[in-house]
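Structure assessment
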Amino acid sequence: MKNPYRQLKAEGWPVLAELAWQRLKTSTHGDFPHWLETINALPEGDGFRQLDRAAPALGQPVDDPALLRRRLLNLHPWRKGPLVLGGVRIDTEWRSDRKWKRLEPHPDLKGKRILDIGCGNGYFGLRMLASGAKLVVGVDPTLVFVMQWLAMQKLSPGLNNFVLPLGIEDLPTDTPAFDSVFSMGVLYHRRDPVRHLEQLKKLTLTGGQIVLETLVLEGEGDTILKPAGRYARMRNVHAVPTLKVLRDWLEQAGLPNAQLIDMSRTTTDEQRSTDWMTFESLRECLDTTNPSITVEGHPAPIRAALLVRVGD
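In short, a report on the structure. (Residues numbered from 1 in each chain as written. Predicted model: local features only at pLDDT ≥ 70, side-chain atom pairs only at ≥ 80, totals over all residues. Heavy atoms only, no water.)

Focus on the packing of aromatic side chains
Scanning the model with the defined rule gives seven aromatic pairs in all. With a centroid separation of 5.4 Å and 75 degrees between ring planes, the pair formed by Tyr123 and Phe124 is classed as edge-to-face. The exposure classification of Tyr123 matches that of Phe124, with both residues buried. By way of ring pairs, the aromatic residues Trp100, Tyr123, Phe124 and Phe182 are connected into one cluster. The cationic tip of Lys99 hangs over the ring face of Trp94; the distance from NZ or CZ to the ring centre is 5.2 Å. (Phe/Tyr/Trp six-rings, centres within 6.5 Å; stacked < 30°, edge-to-face > 60°. Buried < 20%, exposed > 50% of the residue type's maximum accessible area, 1.4 Å probe, protein only. Lys NZ or Arg CZ within 6 Å of the ring centre and 35° of its normal.)

Shown next as structure tokens:
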């Protein structure tokens, strides 16, 4: 396997590139050899890409799409998309293009260096490049998502969009480095949400912006849902706040300049099982007689997105 982070090193991030490479090549995940075999079997692309579309296209259509489809299915589950790889359309669990359509008009990404925390396979990074971003660095410790990104890079090499097998705790926060930092679907998994927000601030240059997207509760009180077990069958959901509480957390983290840009109830049309993600999805996580609550009896998922300005 060639080092996929050499270009990131050339962009001025040698320490981060080396850390990601060491973490990847020394992986002990049981499926890693099988995934790597799949990547090696993919055709070498010529750099063809069409990014400014709901389903970004990477790589020219191949002669045998059925074979390519079988190989890409080896990297199941595909959660963020949709995507078209080598002419094969991947119908992912999330219609992530809908979230991007709600967010895209608000942050200024032209010429910016962007960090995407919990980036998955890098779908949003592709859309960020289409919006004019100079560089996107995504981090996600889930190895299969990194392998999906490697498949994209194989079919369309040279993308300035990277997915590193790291978590936010691996990133140096002593010096702000990014014009924009995205944290989408991460905050409610953190035991200390204020500390997470403080980390985002430390990673963002003064005058930059943070895009924060997370689960929230309806209402303007001081309520925080702290599930004793699972929430919508998700593990490690530690706290779901009202918007008022979320703004309080931002204030505590030194981020008072927050603008609500979207608040949407997640639907079973936007998140669902497909041939590319055959596990249970949102429909199975909601009460069958009352879809406004989860199977555990909690309020069904509502997501808020805020644009946060990082001041002096």
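Observations concerning the pairing of strand 10 (residues 178–184)
Among the seven residues of strand 10, seven are classified as buried, and the element is accordingly described as predominantly covered. When strand 10 meets strand 11 (residues 204–216), the two strands line up parallel, connected through six bridges. Across the sheet, residue Phe182 finds its bridge partner in strand 11, namely Val211. (Helix = DSSP H or I, 4+ residues; strand = E, 2+ residues; numbered from the N terminus. Pairing = 2+ DSSP bridges.)

Some words on the sheet that holds strand 8 (residues 135–139)
With respect to topology, seven strands assemble into an open sheet ordered 9-8-7-10-11-15-14, the strand pairing being mixed. Two strands close off the open sheet at either side, each with one partner strand: strand 9 (161–164) and strand 14 (257–265). The sheet shows a mean angle of 15 degrees between the axes of neighbouring strands, taken without regard to direction. (Axes fitted to C-alpha atoms, helices over the stretch in contact; angles between N-to-C directions.)

Topic: helix 6 (residues 123–130)
For an α-helix the count is 3.6 residues per turn, leaving residues at separations of three or four pointing the same way. Most of helix 6 is tucked away, with seven of its eight residues classed as buried. Regarding helix 6, the residues found buried are Tyr123, Phe124, Gly125, Leu126, Arg127, Met128 and Leu129. Two residues or fewer past helix 6, Gly132 is found with a positive phi of approximately 105 degrees.

Looking at the sheet that holds strand 2 (residues 57–58)
As summarised here, the arrangement of the four strands in space is 1-2-4-5, forming an open sheet in which the pairing is mixed. Every other strand in the sheet has two partners, leaving strand 1 (49–50) and strand 5 (88–90) as the edge strands with one partner each.

Some words on unusual backbone geometry
Note that the residue after His76, namely Pro77, is joined by a cis bond; omega there is 5 degrees. Mapping Pro77 onto the fold places it in the loop between helix 4 (65–73) and strand 3 (80–81). With a phi close to 50 degrees, Ala232 is a non-glycine residue in the positive phi region. With respect to the helices, strands and loops of the structure, Ala232 is situated in the loop between strand 12 (224–225) and strand 13 (240–241).

Describing the packing of helix 5 (residues 96–103) against helix 6
To describe two helices that pack against each other, one gives the angle between their axes and the distance between the axes. Where helix 5 contacts helix 6, the axes come no closer than 11 Å and their chain directions differ by 40 degrees. What the angle tells us is that helix 5 and helix 6 run oblique. Of the two elements, helix 5 crosses helix 6, and the hand of that crossing is right-handed. Listed contacts from helix 6 to Ser96, Asp97, Lys99 and Trp100 of helix 5 are Tyr123, Phe124, Arg127 and Met128. Within the contact of helix 5 with helix 6, the residues separate by chemical class into four nonpolar, one polar and three charged. (Parallel < 35°, antiparallel > 145°, perpendicular 65-115°, else oblique. Left-handed = near helix turned anticlockwise from the far one by under 90°. Contact = heavy atoms within 4.5 Å. Nonpolar A, V, L, I, M, F, W, Y, C, P; charged D, E, K, R; others polar.)

Describing the pairing of strand 11
Every regular strand shows the same layout, with side chains that alternate between the two sheet faces. Of all the 13 residues making up strand 11, ten are buried; the element is thus mostly covered by neighbouring parts of the structure. Remark: the strand 10/helix 8 (residues 193–203)/strand 11 crossover connection has right-handed handedness. Pairing of strand 11 with strand 15 (residues 302–309) involves eight bridges; the strand directions are antiparallel. Residue pairing for strand 15: Gln209 is matched across the bridge by Arg309. (Right-handed = clockwise from strand over helix to strand, strands pointing away.)

Points about the nonpolar core
Grouped together as the largest cluster of nonpolar side chains are 90 residues, with contacts concentrated most on Tyr5, Leu72, Met147 and Leu164. Top contributing element to this core by residue count: helix 7 (residues 143–155), with ten residues. Among all residues touching Tyr5, those that are not within four sequence positions of it are Ala17, Ala20, Trp21, Leu24, Val146, Trp149, Phe162, Val163, Leu164 and Pro165. (Core = buried A, V, L, I, M, F, W, Y, C linked by side-chain atoms within 4.5 Å.)

What about the side chain of Thr266?
Tracing the backbone through its elements, the reader meets Thr266 in the loop between strand 14 and helix 10 (282–285). Each residue touching Thr266, except ones within four places of it in the same chain, is listed here: Trp94, Gln271, Leu282, Pro301 and Arg303.

A look at the pattern of salt bridges
Taken as a whole and assessed by the stated rule, the structure comprises 17 salt bridges. Put simply, Lys99, Glu213 and Arg303 are held in one network by salt bridges that share partners. (Salt bridge = Lys/Arg side-chain N within 4 Å of Asp/Glu carboxyl O.)

So, the environment of His298
Relative to the helices and strands, His298 is located in the loop between helix 10 and strand 15. Of the residues examined, His298 reaches a relative accessible area of 16% and is grouped as buried. On a C-alpha basis, the gap between His298 and Leu225 in space is 8.4 Å, while along the polypeptide they are 73 residues apart. Apart from the residues lying within four places of it in its own chain, the contact partners of His298 are Leu225, Pro227, Arg230, Tyr231, Ser292 and Ile293.

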